[in-house]
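Observations on chain architecture
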Amino acid sequence: MIHFQNVTKRYGEFTAIDNLTIDIYEREFYALLGPSGCGKTTLMRMLAGFETPTEGKIFLAGQDIAPVPPNKRAVNMMFQSYALFPHLSVWENIAFGLKREKMPKHDIDDRVEAMLKLTRLEKFARRKPHQISGGQRQRVALARSLAKHPKLLLLDEPLGALDKKLRQDTQFELMDIQEKTGTTFVIVTHDQEEAMTVASRVAVMDHGKIIQVATPDRIYENPNSVYVADFIGDVNLIEGTATPNGSDAYAMSWHEGHPPLTVKSPNAFSDGQKCHLAIRPEKVAISSEQPAEADNAVQGRILDIAYLGNISTYHVELPTGAVIKAQTANTRRIARRAFTWEDTVWLSWTATAGVLLAD
Amino acid sequence: MRRFVLIAIPYVWLLALFLVPFAIVLKIALSDAAIARPPYFPQFDWAEGIAAFIAELDFENFVWLTEDDLYWKAYLSSLKIAVISTFFTLLAGYPIAYGMARAPEEWRPSLMMLVILPFWTSFLIRVYAWMGILSNEGFLNQFLMWIGVISEPLTILNTNSAVYIGIVYTYLPFMILPVYSALERLDGSLIEAAEDLGCSRLTAFWLVTIPLSKTGIIAGSFLVFIPVLGEFVIPSLLGGSDTLMIGKVLWEEFFSNRDWPVASAVAVVLLLLLVIPIVLFQRNQQKQQEAEQ
Ligand SMILES: Nc1ncnc2c1ncn2[C@@H]1O[C@H](COP(=O)(O)OP(=O)(O)O)[C@@H](O)[C@H]1O
Ligand SMILES: [Mg+2]
């Protein structure tokens, strides 16, 4: 539905968006994820019509939208700051866009009532924005941007100001609303957990470029670069050189005096090519005895234990000085914990547990 | 005790500089004119006592104000001039304030300086300068005839137009500053939100910018309206004989007719009339403060 074609945006010398080509499909919940300053807001503002691309074109439903001013686009934006009109009540805020369409009065009433119901704000319709809580304001902003039935809804860090609990509730609410209304959502966030929770596809950005676009599980399990692996979730990165060893299999030598690691990878590597093994902490098993049938096993000493309630993360120092994180679920009470500081333990993982990434 | 002193200071100030002079003026207003020094009667006399003194006071002068139509016409005409010039000051001041608030951040202090700068020269000199500009042989007429717009000089000085020009010029900063401070606080994303929801630039201005600068507009209007209502210098220097303003009438009663009691009555009524807009102004300020909390 939306197609960015070689879009570049420069502010003077500074390139905020760098030759970007992406597609966003109908009824999709698309998340833009990236560190602060990587150009996410700029991308949204180009879609909404507040900025024009320096180069390249943006198509909405096949039409170049460059000449369409913001007030004529079937796109609504929910601002990072909510941007609610302080002089209008919640009801009037939601009706604001509808009144501009010259909609008949009772249609407006119906639509606003429906929006209030959807966002569970019926009780607050008469209040002014400064008389409601942060979470309610955020829902007003959402209701206001949804009221006009936009083809595309842009959400710029919509939940940034909320505390964790409210945030999680709202994330599910957002998904629910997206399902009910069938609107295409593009959400900007710098919180990877949020992107993974709500989105059907996640785009990871850095310095004005898209690094990878994929479903949340593929982004997590099959990152295409060290950057993405490191940005999304927790990861251990082991540097080494690859040697092909049978179909899709590689022996990765990572430190002199240690046996090479066995890795399976669909990505092709040439003999002696430098590479990184990215492996998630929860895929590393920890044991006190050397495991009998593991593809890879290394010995180390427990440096640190981070107890997070449901899980514990062990920081294990290898003889090489590298620190590997291993996670275990705390299925038993803490008093019976098997390992403690300074214990010598074995870490093991299978050949398919990690992904091999080029430098 | 300290708290009491702190609270007492403004009250003592108010008592000494407002209530006492007001009581004196009110007393004169209730007296009768006399050819004497001071030119009114009765004088307070210790021998006769306070009761006899009060018995001599009456409301004659206030009754007189209602009988001679000069006075209510002067009040009405002042009101009209104040309303119209406040409107024109707003019309001139709003775009200036808007431009200042939209200007790049680093320019704003300099622009602010330019608005305040005229205050550093005497107000009288500036009004006299306008006489030089507006007179029949003044710069304005010379310029207009030079570019050929007119062939005969326009008579502006000593008319109500000159009074309006003088007032708008003099009071412009009082309008600009509160409007500017309201516009500067305005969040730019609100305008974008309005456009996003289907407003053109103009409707966004009308539906968002204007309502959100309302407190500034009201504050500025009162800051202009209140002093203009009693304005004396501008109408007497720039206005003509048909410019009727209560400040001028007041001055003439005091110094030309030496009728202090009537003049005092005029002043008391003017003050009472001003209390209404001042109270409204205070309420606006209070509402604004509450809204900001
Ligand atoms: N109007 C502007 N003028 C100059 N630079 C800008 C402007 N808007 C954004 N930038 C720059 O573009 C980069 C990307 O900004 P933005 O899209 O807001 O990032 P994000 O939303 O991902 O944090 C930032 O480095 C920012 O400084
Ligand atoms: Mg941003």
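What you see is a predicted model; the values in this text were computed from it and never measured. (Residues numbered from 1 in each chain as written. Chains lettered and ligands numbered in written order. Predicted model: local features only at pLDDT ≥ 70, side-chain atom pairs only at ≥ 80, totals over all residues. Heavy atoms only, no water.)

We now examine the packing of aromatic side chains. Residues and elements named next belong to chain B. One pass over the structure, following the stated rule, counts 21 aromatic pairs over all chains. A ring pair is formed by Y94 and F205, whose centres lie 6.0 Å apart and whose planes are at 85 degrees; its orientation type is edge-to-face. Separated by 111 residues along the polypeptide, Y94 in helix α4 (residues 69–102) and F205 in helix α10 (residues 201–212) bring together distant segments of the chain. Accessibility expressed as a relative area gives 8% for Y94, which makes it buried. Judged by centre distance (5.8 Å) and plane angle (65 degrees), the rings of F254 and W260 are edge-to-face. (Phe/Tyr/Trp six-rings, centres within 6.5 Å; stacked < 30°, edge-to-face > 60°. Helix = DSSP H or I, 4+ residues; strand = E, 2+ residues; numbered from the N terminus. Buried < 20%, exposed > 50% of the residue type's maximum accessible area, 1.4 Å probe, protein only.)

This next bit is on the nonpolar core. Judged by nonpolar contacts, the single largest core of 55 residues is most densely connected at B:L65, B:I167, B:V179, B:I234, B:L238, B:I246 and B:V266. Examining the composition of this core, we find that 11 residues originate from one element, helix α8 (residues 160–185) of chain B, more than from any other. Of the domains in this structure, domain 1 (1–58) and domain 2 (69–292) of chain B are the two that each give at least three residues to this core. With near-sequence residues (within four places) excluded, B:I234 lies in contact with B:F123, B:V127, B:V163, B:G166, B:I167, B:T170, B:Y171 and B:G239. Counting 44 residues, the second largest nonpolar core, distinct from the first, contains A:Y82, A:A95, A:F124 and A:V140. (Core = buried A, V, L, I, M, F, W, Y, C linked by side-chain atoms within 4.5 Å. Domains from an automatic or database assignment. Contact = heavy atoms within 4.5 Å.)

Attention now goes to the packing of α4(B) against α8(B). Residues and elements named next belong to chain B. Packing of α4 against α8 brings their axes to within 6 Å, and their N-to-C directions diverge by 45 degrees. Relative to α8, the element α4 is oriented oblique. Of the two elements, α4 crosses α8, and the hand of that crossing is right-handed. Looking at the contact of α4 with α8, its residues break down into 22 nonpolar, 4 polar and 2 charged. (Axes fitted to C-alpha atoms, helices over the stretch in contact; angles between N-to-C directions. Parallel < 35°, antiparallel > 145°, perpendicular 65-115°, else oblique. Left-handed = near helix turned anticlockwise from the far one by under 90°. Nonpolar A, V, L, I, M, F, W, Y, C, P; charged D, E, K, R; others polar.)

Every contact between the two is made by 16 residues of chain B and, on the other side, 20 residues of chain A. Roughly 1,600 Å² is buried in total at the junction of chain B and chain A, and carbon and sulfur atoms are behind 63% of that figure. B:E192 is the salt-bridge partner of A:R45, the closest N and O atoms lying 2.7 Å from each other. Looking at the side of chain B that touches chain A, the elements that each hand over two or more residues are α9 (188–196) and α10 of chain B. (Buried area = accessible area lost by both parts, 1.4 Å probe. Salt bridge = Lys/Arg side-chain N within 4 Å of Asp/Glu carboxyl O.)

On to the side chain of A:T183, then. Residue and element names in this part refer to chain A. Structurally, T183 can be placed in the loop between α5 (164–181) and β8 (184–189). Within the structure, T183 has its side chain in polar contact with the side chain of T181 (distance 3.2 Å). Discounting residues that sit within four places of it in the chain, T183 has contacts with R27, E28, L146, P150, K151, L152, L153 and Q178. (Polar contact = N/O pair within 3.5 Å; in protein donor to acceptor, adjacent residues only side chain to side chain.)

One widely used convention gives an interface's size as the accessible area the parts lose upon coming together. All names here are of chain B. When cut into domains, chain B gives domain 1 (1–58) and domain 2 (69–292). Averaged C-alpha coordinates put domain 1 and domain 2 at centres separated by 34 Å. Across the contact, 12 residues belong to domain 1 and 9 residues belong to domain 2. Of the roughly 850 Å² buried where domain 1 meets domain 2, counting both sides, 82% is carbon and sulfur surface. The tally of links from domain 1 across to domain 2 stands at 0 salt bridges. There are 0 residue pairs in polar contact (both at pLDDT 80 or more) connecting domain 1 and domain 2. The greatest single-element share of the side of domain 1 that touches domain 2, amounting to 6 residues, is contributed by helix α1 (residues 2–29).

So, about the sheet that holds strand β2 (residues 14–24) of chain A. Residues and elements named next belong to chain A. Pairing is antiparallel across the open sheet formed by 4 strands, whose spatial order is β2-β1-β4-β5. Of all the strands in the sheet, just β2 and β5 (63–64) have a single pairing partner and so form its edges. Of the strand pairs in this sheet, strand β1 (residues 2–11) and β2 are connected by 7 bridges, and their pairing is antiparallel. Residue pairing in the sheet places V7 in a bridge with L20 of β2. Contacting β1, β2 and β4 (55–60), helix α1 (residues 40–48) crosses the sheet at an angle of about 115 degrees to β1. (Pairing = 2+ DSSP bridges.)

The backbone of A:E157 shows a phi angle near 40 degrees, a positive value even though the residue is not glycine. Locating A:E157 in the fold gives a position in the loop between β7 (152–156) and α5. A positive phi angle, close to 65 degrees, is found at B:N158, a residue other than glycine. Considering the arrangement of structural elements, one finds B:N158 in the loop between α7 (139–146) and α8.

Turning our eyes to something else, we now look at the sheet that holds β8(A). Residues and elements named next belong to chain A. One open sheet accounts for 6 strands, arranged β6-β7-β8-β3-β9-β10; its pairing is mixed. Whereas interior strands pair on both sides, the edge strands pair on one side only; in this sheet they are β6 (75–78) and β10 (209–214). In this sheet, adjacent strand axes meet at a mean angle of 20 degrees when their direction is disregarded. Sheet topology places strand β9 (residues 201–206) next to β10; 5 bridges connect them, and they run antiparallel. Residue V202 lies in a different strand from β10, and its bridge partner there is A214. Across the sheet, helix α4 (residues 134–146) touches β6, β7 and β8, and the angle it forms with β6 is around 175 degrees. Running over the sheet, α5 touches β3 (29–33) and β8 and is turned about 160 degrees from β8.

Attention shifts here to the domain arrangement of chain A. All names here are of chain A. As far as domains go, chain A holds domain 1 (2–230) and domain 2 (234–358). Computed over C-alpha atoms, the centres of domain 1 and domain 2 are 39 Å apart. Opposite the 10 residues of domain 1 that make contact, domain 2 presents 10 residues. Summed over both partners, the interface of domain 1 with domain 2 comes to about 800 Å²; 57% of that surface belongs to carbon and sulfur atoms. The largest contributions to the domain 1 side of the interface with domain 2 come from Y220, V226 and A229, which together make up 61% of the buried area. In this assembly, domain 1 and domain 2 are joined by 1 salt bridge. Of the charged contacts, one joins K283 and E221 as a salt bridge, the two residues approaching to 3.1 Å between their closest N and O atoms. Seen at the junction of domain 1 and domain 2, the total is 4 residue pairs in polar contact (both at pLDDT 80 or more). Secondary-structure elements contributing two or more residues to the side of domain 1 that touches domain 2 are α7 (216–221) and α8 (226–231).

Time to look at the site of ligand 1. All names here are of chain A. Taken together, Y11, F14, A16, S36, G37, C38, G39, K40, T41 and T42 are the residues near ligand 1. Residue Y11 places a side-chain N or O atom 3.4 Å away from a nitrogen atom belonging to ligand 1. Relative to its unbound accessible surface of 560 Å², ligand 1 loses 60% to contact with the protein. Counting only elements with at least two residues in the shell around ligand 1, the list comes to β2 and α1. Sort the elements by how many residues they give to the shell around ligand 1 and α1 lands first, with 3 residues. Of the residues contributing to the shell around ligand 1, the split by class is 4 nonpolar, 5 polar and 1 charged. (Near = heavy atom within 4 Å. Areas by Shrake-Rupley, 256 points an atom, 1.4 Å probe, with all protein chains shown as cover.)

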